[in-house]
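Residue-level structure breakdown
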Amino acid sequence: MIVSWMTTNQCNLTCKHCYQDAGNQKEAELTTEEGKKLIDEIARAGFKIMIFSGGEPLMRPDIYELVAYAASKGLRPVFGTNGMLITKEVAQKLKDAGAMAMGISLDSLDEAKHNEFRGHPEAFARTVQGMKNCKEVGLPFQIHTTIMDWNKSEILDIIDFAVEMGAMAEYIFFLIPVGRGVYIEETAVEVMEYENLLRSIMEKQKEVPIAIKPTCAPQFTRVAKQLGVDIDPRFTRGCLAGLTYCIISPTGKVRPCAYMVEEAGDVHEQPFDEIWKNADVFQTLRTQAYKGTCGKCGYKTICGGCRARSAYYHDGDILQEDSYCAFGKQLTK
């Protein structure tokens, strides 16, 4: 089970696709003590992996204290970061605190394109240096890449780059139109392109020694099965929202995933473990009573369709079909 805590809305970048619309710190962000209480409740709920994300989590001055506390509670602390702040000293402090892995974002091998997308002239250079610093101190890292129409032709090369850099995995994010990423609907890959891209990525898995995980693209489990590709045994299901995964916003709001606006509760008002167990939105998702093509698909149990896309394109109905699925379109013929 995995939980992602967006520790702060503060960020040192202005990425065009940001689902959190990060930038400045928000009022009512969880304090250090509230963060520790949250960690206690996360451990009590039975979660094993805790992602510290943001905004940029390394901008929290108490981040090392929080990581150490999570580790002391038996959680596996990992990160989602832009990597720009990972000096060698920071990498060592994170490792000493108990961080187990860093997820570092890189969207293009073209320095200018990456910098323009991330909104900083030094983003590429400092991000790559952050990876090198992690490697030097023995802190495992993986690369996170956001797929857009302008960088989709690079993705296989980025996977090779991840191997060359010594990354433990390459996670490929297919984003949903929320936050500053609303414009993605105009630039996202089309349905058949999406399908073909997933096929190319899964074929690439046969060639490389690191794990590849398309994220917010649950159809990858079905594609891998159709192609006879062995994927990492951890990736047993596509969409995890509300089943074995959820997120907590900087201000304590609990949601099934980063791209779903439906709220399950507020940790300022109710313990996280109670929200996780009892919230209506989680109970609904756990029925897996999907509608449309997702309901009759033979890959329902390993894919589940993207619940965020279902809600976005079907007036908030989180059990509707994922219309962004080529296989699903075949089922309607």
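In what follows, the accompanying structure is described. This structure is a prediction, so every number in the text was calculated from the model and none was measured. (Residues numbered from 1 in each chain as written. Predicted model: local features only at pLDDT ≥ 70, side-chain atom pairs only at ≥ 80, totals over all residues. Heavy atoms only, no water.)

The next point concerns the overall build of the protein chain. A tally of regular secondary structure across the protein chain gives 14 helices and 10 strands. Relative to the compact-globule value of 20 Å for 333 residues, the protein chain shows a C-alpha radius of gyration of 19 Å, a close match. Summarising its shape, the C-alpha atoms of the protein chain cover approximately 55 × 45 × 35 Å along the three principal directions. The 333 residues of the protein chain split such that 57% are buried. Of the contacts made within the protein chain by residues no fewer than 6 positions apart, 70% connect residues no fewer than 24 positions apart. Within the structure as shown, the protein chain displays about 13700 Å² of accessible surface, and the carbon and sulfur contribution to it stands at 50%. Charge centroids of the protein chain, computed over 38 positive and 44 negative side chains, lie 5 Å from each other. (Helix = DSSP H or I, 4+ residues; strand = E, 2+ residues; numbered from the N terminus. Rg over C-alpha atoms; globule rule 2.2 N^0.38 Å. Buried < 20%, exposed > 50% of the residue type's maximum accessible area, 1.4 Å probe, protein only. Contact = heavy atoms within 4.5 Å. Areas by Shrake-Rupley, 256 points an atom, 1.4 Å probe, with all protein chains shown as cover. Lys, Arg positive; Asp, Glu negative; His and termini not counted. Charge placed at Lys NZ, Arg CZ, Asp CG, Glu CD.)

Let's shift gears to the packing of helix α1 (residues 32–44) against helix α2 (residues 63–72). At a closest axis distance of 10 Å, the pairing of α1 and α2 adopts a crossing angle of 20 degrees. When the axes of α1 and α2 are compared, the pair comes out roughly parallel. The two elements α1 and α2 meet at a crossing, and its hand is right-handed. From α1, Thr32, Gly35, Lys36, Ile39 and Asp40 reach across to α2, where they touch Glu65, Leu66, Tyr69 and Ala70. Tallied by class, the residues present in the contact of α1 with α2 amount to 4 nonpolar, 2 polar and 3 charged. (Axes fitted to C-alpha atoms, helices over the stretch in contact; angles between N-to-C directions. Parallel < 35°, antiparallel > 145°, perpendicular 65-115°, else oblique. Left-handed = near helix turned anticlockwise from the far one by under 90°. Nonpolar A, V, L, I, M, F, W, Y, C, P; charged D, E, K, R; others polar.)

This part is about the pairing of strand β1 (residues 2–6). For β1, a buried count of 4 out of 5 residues is recorded, marking the element as mostly surrounded by other parts of the structure. Pairing geometry for β1 and strand β8 (residues 245–248), over 4 bridges, is parallel. Its bridge partner being in β8, serine 4 is matched across the sheet by isoleucine 247. (Pairing = 2+ DSSP bridges.)

This part takes up unusual backbone geometry. Geometrically, the link from glycine 54 to glycine 55 is a cis peptide bond, its omega value of 15 degrees lying close to zero. Following the sequence through the fold, glycine 55 ends up in the loop between β2 (49–53) and α2. In the Ramachandran plot, cysteine 216 falls in the positive-phi region, its phi being about 60 degrees despite a non-glycine side chain. The phi dihedral of glutamine 288 falls on the positive side, at around 50 degrees, and the residue is not glycine. Looking at the secondary structure, you find glutamine 288 in the loop between α11 (280–287) and α12 (292–296).

With that settled, the discussion passes to the packing of aromatic side chains. Summed over all chains, the structure comprises 12 aromatic pairs. Where tyrosine 171 meets phenylalanine 235, the ring centres are 6.1 Å apart and the plane angle is 80 degrees; that geometry is what we call edge-to-face. Of this pair, tyrosine 171 sits in strand β6 (residues 169–173) while phenylalanine 235 sits in the loop between α9 (220–227) and β8, and the two are 64 residues apart along the sequence. For phenylalanine 235, a relative accessible area of 7% puts it in the buried group. (Phe/Tyr/Trp six-rings, centres within 6.5 Å; stacked < 30°, edge-to-face > 60°.)

With that settled, the discussion passes to the side chain of glutamate 170. Topologically, glutamate 170 is positioned in strand β6. The buried charged residue glutamate 170 lacks any salt bridge, with arginine 118 as its nearest oppositely charged partner at 9.9 Å. Non-local contacts of glutamate 170, meaning those with residues more than four positions away in its chain, are made with Ile143, His144, Thr145, Ile155, Ile158, Ile159, Ala162, Ile210, Ala211, Ile212 and Lys213. (Salt bridge = Lys/Arg side-chain N within 4 Å of Asp/Glu carboxyl O.)

Within this structure, the stated rule accounts for 17 salt bridges. A salt bridge links arginine 44 to aspartate 273, with the nearest nitrogen and oxygen atoms 2.8 Å apart. Highlighted residues: arginine 44 in helix α1 and aspartate 273 in helix α10 (residues 272–278), separated in sequence by 229 residues. In this structure aspartate 273 comes out as buried when scored by relative accessible area, which is 17%. The salt bridge partner of glutamate 203 is lysine 206, with a shortest N-O separation of 3.1 Å.

This part takes up the pairing of β2. Where a strand is regular, its side chains alternate between the two sheet faces. Alignment of β1 against β2, held across 5 bridges, turns out to be parallel. Pairing of isoleucine 2 across the sheet is with isoleucine 49, part of β2. Of the strand pairs in this sheet, β2 and strand β3 (residues 76–81) are connected by 4 bridges, and their pairing is parallel. Across the sheet, the residue bridging to phenylalanine 52 is phenylalanine 79, located in β3. In this fold, β2 hands off to α2, which returns the chain to β3; that crossover is right-handed. (Right-handed = clockwise from strand over helix to strand, strands pointing away.)

The next point concerns the sheet that holds strand β9 (residues 253–255). Two orientations exist for strands paired in a sheet by backbone hydrogen bonds: parallel and antiparallel. The mixed open sheet is built from 10 strands, whose spatial order is β7-β6-β5-β4-β3-β2-β1-β8-β9-β10. Both edges of this open sheet fall to β7 (211–215) and β10 (265–266), since each of them pairs with a single strand only. Lying over the sheet, α1 contacts β1, β2 and β8, oriented at roughly 170 degrees with respect to β1. Contacts from helix α6 (residues 155–165) reach β5 (141–146), β6 and β7, with the element oriented near 150 degrees to β6.

Taking 1.5 Å as the rise per residue, α1 with 13 residues should run 18 Å; its terminal C-alpha atoms sit 18 Å apart, in good agreement. For α1, every residue scored as buried is listed here: Gly35, Lys36, Leu38, Ile39, Glu41 and Ile42. In this structure, the buried residues of α1 make contact with β1, β2, α2, β8 and α10. Phi turns positive one or two residues past the end of α1, at glycine 46, with a value near 95 degrees. (Expected span 1.5 Å × (residues − 1).)

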